[in-house]
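# A closer look at the structure
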Amino acid sequence: MNKALLVSDAAHFRVDYEINPYMHTEIQPDHAVAILEHERIVAAHRAAGRRIEYVTSAPECPDMVFTANAALVRGRRAVLGAPPPERKAELPYFQGWLIDHDFEVLEAPYPFSGQGDALACGDLLLAGYGQRTDRRMHAVLAEELGYEIVPLRTVSHQWYDLDLAVGVVEPGRTLAYCPEALDEPSRQRLRGLGMDLIEVCVEEATRFALNLISDGTAVTMTRGAPRLATALRERGLRVVELDTTELAKGGGGVRCTALTLDAPLPARP
């Protein structure tokens, strides 16, 4: 998984509104640097052997660079995200791309932050709620995509999407998470999965340390989280750390900029 990714571009990236605590309209990203950061993320994916698909960003959609919120994809089916009103203009572009590439596209009946709140982990789906995603979406995702749901509630708007609080390192084997970002029942659910859990401190998590992409061999992550990077290398993973300082002004890191297209279908006996 994570060997085929849909990305957009940072050509129109800017902060026009404030829909997460990292966005401030008076602090605009350096446009040229943001483009360079995104190009380096894409180059790292290619160097790791990942296939990259593109959807061109639109001038009226300053957050299209964060493609993870567009949908959740499994096999040839995609459930579209249902984002805050400020980002709804993005949906027709992502929907069109998915349809043009032969995906069956379903609309979300409730608020849903796409892959930002839905992290595939084999046949499990780590499904966030409490901020941008209505918990009723979990039943929809289970029915339409065949996942076993592991509901995880983030405790504040600081963790507006689950992919800021949890990172899937090796499905079925290794997860990284920030305990303080989740309520106690959610922490218990993670511990009950029987996987190797890497605890990440709040300091590194708020730098988007957990907003990473791993294919089980190579991990692409934000620079500035040395303890997590060391823990990953100790487990034999190849780690590439990249600067995302300007992209972070929109509230996103590496994971936010790519929608996974190759989540495997349910295991068959």
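Everything below is about the structure shown above.
Below is a summary of the structure that appears in this document. The numbering scheme is per chain: residues are counted from 1 as the chain's sequence reads. In keeping with the model being predicted, local features are shown solely for residues with a pLDDT of at least 70 and side-chain atom pairs are shown and tallied solely at 80 or more, while totals for entire chains, interfaces and linings include all residues. Note that the side-chain values use all heavy atoms of the structure and ignore hydrogens as well as water.

## Some points on the packing of aromatic side chains
Working definition: a ring pair exists when centres of Phe, Tyr or Trp rings (six-membered ring for Trp) sit within 6.5 Å. Plane angles under 30 degrees give stacked, over 60 give edge-to-face, the rest tilted. This model, assessed by the stated rule, comprises 4 aromatic pairs. Ring plane angle 85° and centroid distance 5.7 Å describe the contact between F13 and F66, whose orientation is recorded as edge-to-face. Linking F13 in the loop between β1 (4-7) and α1 (31-47) with F66 in the loop between β2 (51-54) and β3 (71-74), this pair joins segments that are 53 residues apart in sequence. When a residue's accessible area, from a 1.4 Å probe over protein chains only, is under 20% of the maximum for its type it is buried; when over 50% it is exposed; and in between it is partly exposed. According to the relative accessible area criterion, F13 is buried, its value standing at 4%. When its relative accessible area of 3% is taken as the criterion, F66 is described as buried. Between Y22 and F208, the aromatic rings sit 4.9 Å apart at their centres with planes inclined by 55°, giving tilted as the arrangement. With Y22 in the loop between β1 and α1 and F208 in the loop between α5 (202-205) and β12 (213-214), the pair connects residues that are 186 residues apart, well separated along the chain. Given the relative accessible area of 18%, Y22 is considered buried. Residue F208 is classed as buried on the basis of its relative accessible area, which comes to 4%. Ring pairs connect the aromatic residues Y22, Y160 and F208, which therefore count as one cluster. The ring of Y147 carries R74 above its face, with NZ or CZ at 3.9 Å from the centroid. Geometry around F103 places R76 over its ring, the cationic atom sitting 3.8 Å from the centre. Strands are runs of DSSP state E lasting at least two residues, helices are runs of H or I lasting at least four, and both sets are numbered from the N terminus onward. Two thresholds decide whether a charge sits over a ring: the Lys NZ or Arg CZ must be within 6 Å of the ring centre and within 35 degrees of the ring normal.

## Let's talk about unusual backbone geometry
Of note in the backbone geometry, N2 takes a positive phi value of approximately 65° without being a glycine. Take N2: it is sitting in the segment before β1.

## With respect to the sheet that holds strand β9 (residues 166-170)
Paired through their backbone hydrogen bonds, the strands of a sheet run either parallel or antiparallel. For two strands to be treated as a pair, DSSP must find at least two bridges joining them. Across the sheet, which stays open at both edges, the 3 strands sit in the order β9-β10-β11 with mixed pairing between neighbours. Each edge of the sheet is formed by a strand with only one pairing partner; in this case those strands are β9 and β11 (196-199). Direction aside, neighbouring strands of the sheet carry axes that sit 20° apart on average. Relative to β11, strand β10 (residues 174-177) is paired through 4 bridges, and the arrangement is parallel. Bridging from a neighbouring strand, L175 pairs with L197 of β11. Where helices are involved, their axes are fitted lines through C-alpha atoms of the stretch in contact, as for all axes, and angles between N-to-C directions lie from 0 to 180°.

## Digging into helix α3 (residues 137-145)
The set of residues buried in α3 consists of M137, H138, V140, L141 and L145. The buried residues of α3 occupy one face: seen down the axis, they fall within an arc of 160°. Facing away from the buried side of α3 by more than 90 degrees, the exposed set consists of A139 and E143. It is the directions from the helix axis to the C-beta atoms whose arc is reported.

## Overview of the pairing of strand β4 (residues 77-80)
Regular strands place side chains that alternate from one sheet face to the opposite one. Bridge analysis of β3 against β4 gives 4 bridges, and the strand direction is antiparallel. Looking at β4, one finds that A71 is bridged to L80. Where β3 hands over to β4, the hairpin turn is made up of 2 residues, of which G75 adopts a positive phi near 60°. Looking at chain direction, β4 and strand β5 (residues 104-106) are connected through 3 bridges and run parallel. Across the sheet, the residue bridging to R77 is E104, located in β5. With helix α2 (residues 91-100) bridging β4 and the parallel β5, this β-α-β connection has right-handed handedness. Here is how to tell: hold the view so the strands point away, follow the path from the first strand over the helix to the second, and if it runs clockwise the crossover is right-handed.

## Brief notes about the pattern of salt bridges
Salt bridges are defined by distance alone: a side-chain nitrogen of Lys or Arg within 4 Å of a carboxyl oxygen of Asp or Glu. If you walk through the whole model with that rule in mind, you get 18 salt bridges. Residue R51 pairs with E53 through a salt bridge whose shortest N-O separation is 2.5 Å. Overall, the relative accessible area of 22% leaves E53 in the partly exposed class. In this structure, E144 and R77 form a salt bridge, with 3.2 Å as the shortest nitrogen-oxygen distance. A residue pair is termed long-range when its members are at least 10 positions apart, and E144 in helix α3 and R77 in strand β4 qualify at 67 residues.

## Some thoughts on the side chain of R74
Along the chain, R74 falls in strand β3. The buried category is assigned to R74, whose relative accessible area is 2%. Pairing of N or O atoms within 3.5 Å defines a polar contact, subject to two protein rules: one partner must be a possible hydrogen donor and the other a possible acceptor, and residues neighboring in sequence count only if both atoms are side-chain atoms. A distance of 2.9 Å separates the side chain of R74 from the backbone oxygen of L145, its partner in a polar contact. What makes two residues a contact is simply this: any of their non-hydrogen atoms within 4.5 Å. Leave out the neighbours within four places in its chain, and R74 touches G122, D123, L145, G146, Y147, A263, P264, L265 and P266.

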